[in-house]
Amino acid sequence: MNSHEIIEEVIHTPVRLHILSVKVENKPGVLMRIAGLFTRRGFNIYSLSVAPSELGARFSRVTIVVDAESAPLEQIVGQLNKLINVVEISDLSPKDAVERELLIATVPTHVDVRTPLLDIIATANAAIIDVDSSAVTIMLAGTPSACDDLERELEAFANVELYRTGRVALPRLGTPA
Amino acid sequence: MQLTGAQALIKSLEQAGVDVMFGYPGGAILPTYDALLDSSIRHVLVRHEQGGGHMAEGFALATGKPGVLMITSGPGATNAITPIADAYLDSVPLVVITGQVSTSVMGTDAFQEAPIIGITAGIVKHSYLVQSADEIPRVVAAAFYIATTGRPGPVLIDFPKNVSLETMEWYWPSSVEELDLPGYQPEVALDMDAVAAAAELINQAERPILYVGGGTIKSDASKELMAFAERTGMPVVTTLQARGAFPDSHEQHLGMPGMHGTYTAVTAIQQSDLLISLGARFDDRVTGKVSTFAPHAKIIHVDIDPVEFNKIKKVNVAIQSNVATALSALDKTGTKPKNLEVWWKQLNAWREEFPLFYEAQEEGSPLRPQMVIEAINKSSKPGTIVSTDVGQHQMYASQFWKFEEPRTWLSSGGAGTMGFGLPAAMGAKVGAPDTTVWAIVGDGGVVMTIQELLAASAAGINIKVCILNNEFLGMVYQWQQLVYDGRLSHVALPSPDFVKIAEGMHCVGIKATTEAEMHAAIKQANEINDRPVVIDFRTDARENVWPMVHAGASNDDIIVHPSQRGN
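Given the structure is predicted, the values throughout are model-derived calculations rather than measurements.

A look at the overall build of chain A
Counting its regular elements, chain A contains five helices and nine strands. Of the regular secondary structure in chain A, the N- to C-terminal order runs α-β-α-β-β-α-β-β-α-β-β-α-β-β. Sorting the 177 residues of chain A into buried and exposed places 41% on the buried side. Counting only contacts in chain A whose residues sit at least 6 apart along the sequence, the fraction spanning at least 24 positions is 74%. Put simply, chain A shows about 9600 Å² of open surface, and 57% of that area lies on carbon and sulfur atoms.

Side note on the domain arrangement of chain A
All names here are of chain A. When the domains of chain A are assigned, the result is domain 1 (3–97) and domain 2 (98–171). Each of domain 1 and domain 2 was reduced to a C-alpha centroid, and the two centroids are 26 Å apart. In this complex, domain 1 contributes 18 residues to the contact, which on the side of domain 2 involves 14 residues. Summing the contributions of domain 1 and of domain 2, the shared interface buries around 1200 Å²; its carbon and sulfur component is 55%. Where domain 1 meets domain 2, there are zero salt bridges. Listing elements by their share of the side of domain 1 that touches domain 2, those giving two or more residues are α1 (3–12), β1 (17–25), β2 (45–52) and β3 (59–67). Here the element with the most residues in the side of domain 1 that touches domain 2 is α1; it accounts for six residues.

Concerning the sheet that holds strand β10 (residues 236–238) of chain B
Residues and elements named next belong to chain B. As summarised here, the arrangement of the five strands in space is β10-β9-β11-β12-β13, forming an open sheet in which the pairing is parallel. The open sheet is flanked by β10 and β13 (317–320), the only strands paired with a single partner. On average, each strand axis in the sheet is inclined to that of its neighbour by 15 degrees, with strand direction left out of account. Pairing of strand β12 (residues 298–303) with β13, which is carried by four bridges, proceeds in the parallel orientation.

Definitions and limits used
- Residues numbered from 1 in each chain as written.
- Chains lettered and ligands numbered in written order.
- Predicted model: local features only at pLDDT ≥ 70, side-chain atom pairs only at ≥ 80, totals over all residues.
- Heavy atoms only, no water.
- Helix = DSSP H or I, 4+ residues; strand = E, 2+ residues; numbered from the N terminus.
- Buried < 20%, exposed > 50% of the residue type's maximum accessible area, 1.4 Å probe, protein only.
- Contact = heavy atoms within 4.5 Å.
- Areas by Shrake-Rupley, 256 points an atom, 1.4 Å probe, with all protein chains shown as cover.
- Domains from an automatic or database assignment.
- Buried area = accessible area lost by both parts, 1.4 Å probe.
- Salt bridge = Lys/Arg side-chain N within 4 Å of Asp/Glu carboxyl O.
- Pairing = 2+ DSSP bridges.
- Axes fitted to C-alpha atoms, helices over the stretch in contact; angles between N-to-C directions.

Written as structure tokens, this is what we have:
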């Protein structure tokens, strides 16, 4: 399955995905332990991001988007909880979360593509963050589906180099915890 | 007080209550071995790190205290992977200290370097890389706390050489709060609603079973189990990890469930309407085909590890607790099935019809392995400890030794490790020096760690080793006969001279071929207490373990001893 097909499938079956927001101790090896646990049980990680948070230097937040049909969610959460360095786990269903992710892409800009590219940038509300005589680098911070849309639009261009960060999420305000 | 990292590590072990450890020195751990010379801790010098790890496990299983293994980096550390995995699967509290190359060269393929934290990540409860000497007391205290609380397990401390040479100002954490474990909560408050719901299910039950697992022994709950079982009159089965948690001689004990369990234990679970799991984990060796396991039963599951709930079977009531606490609370409710008369009538009929059985010894034939185990059992004092490897001998020992007390049976259950039995017996003997300890092993497994006989004789660890020697890899041989149409693939094991091996390692070696020699050998072994004794019992390769439920088959399709079939 190529990435485009995976994205298509995800878009059409959004309930499969669960977002685990995991507060961990900021210690060496934490990510190895989390990744190892997923590997051992054959759990499928859809995306993963690790970064410091408001929790200070002692803790980080890991946002793991999991395919909840690859394993029972109860088992995933339980196994994660058993890791000594994992402090707290919130399980957010996509409908109860606000999610964002960052997409950046470098697109070659020979003459005949400049106009359509500028249109796409404008429509997607993306921004140009770097430019030289032969290419531009653009970025979009948006919902996962906005990033999906932009990625699909950019498929029309040749030799695009594109990265996505994976999602970060917080509970939607007004949602019972 | 200023100490080196090495001194701080040894002092921390002393503070953690360690009075004996197992180990093997080498380059990266040299400074710590130097500091050990000034300590009161007894160190047993093993002959291979795998043996050392199993000794630490045997010590832990027999005493309930954590086992400690200290070894060097690289191959020293990788040699200990099997016992670490074994301890993880059987929830054995272990603290393993591995030397590591200095932090400045970690990751450069330095001499005797292995990334042991990464290698063991999936088989430890937790692990630490000590990055500065200041951390040592806190890390050691935390390692022991994690290894021994909640669901016990192995904890690894990777100790770089340069850290052992640094100096630090000594301290010892005075409380759990100082251990810096914000993500670790080993016990939760008992959910009294769950206890009440469980009590109600027990009140309604007509065909209940107490399904007793290793957690019952880990939480020292035998007394609570006895009180609860006797007051409620419910039948008991004990899994391979729980043998001894409830006396085999007790009228309510149906024996071991599972692949080679008793007909009555296996069938009673199948027919039960309520399964009360006490620190058991619905292992595939117990359940057989899960979809047909205990199909009519509601399930109460007591476990300290909530991940076990609904992992294999959906449960009706989950009680997250150690077994002792949960049983006390359940007992206080006064819950009791109304009438178990019909159930007991059925259970007793099965017991009558399908007891554990083997054919009597025939004149001129090799020894029946079951008979050897019964003979040793009869000649042994109450409280004698038995350890095994994995295989036919393990099943015979579990079936035919009568266990009366917890922590008298040490066996590699989850991992099924060949080579566990002999060193585990040594570890148990170190922990319980006044108790007789028998390793009952097969001729295949024993050679995997037989070098530890040298450690035993050198350190005066006077165990007794019963080798059930049929010159075959017996359990694999059994499967090849029954499942692979008799196509024997690499299961013949022409015997070495075990008597000479024993003598070459300064132990007493005895060979027993006939029934008379068997009795004489056991008598002689029981009279020798100043040296390890090895008996090579020549047993009958035609013998197989019955009953048997084939791997992946339903427990309803249990196959009994050939003489009990038909009719």
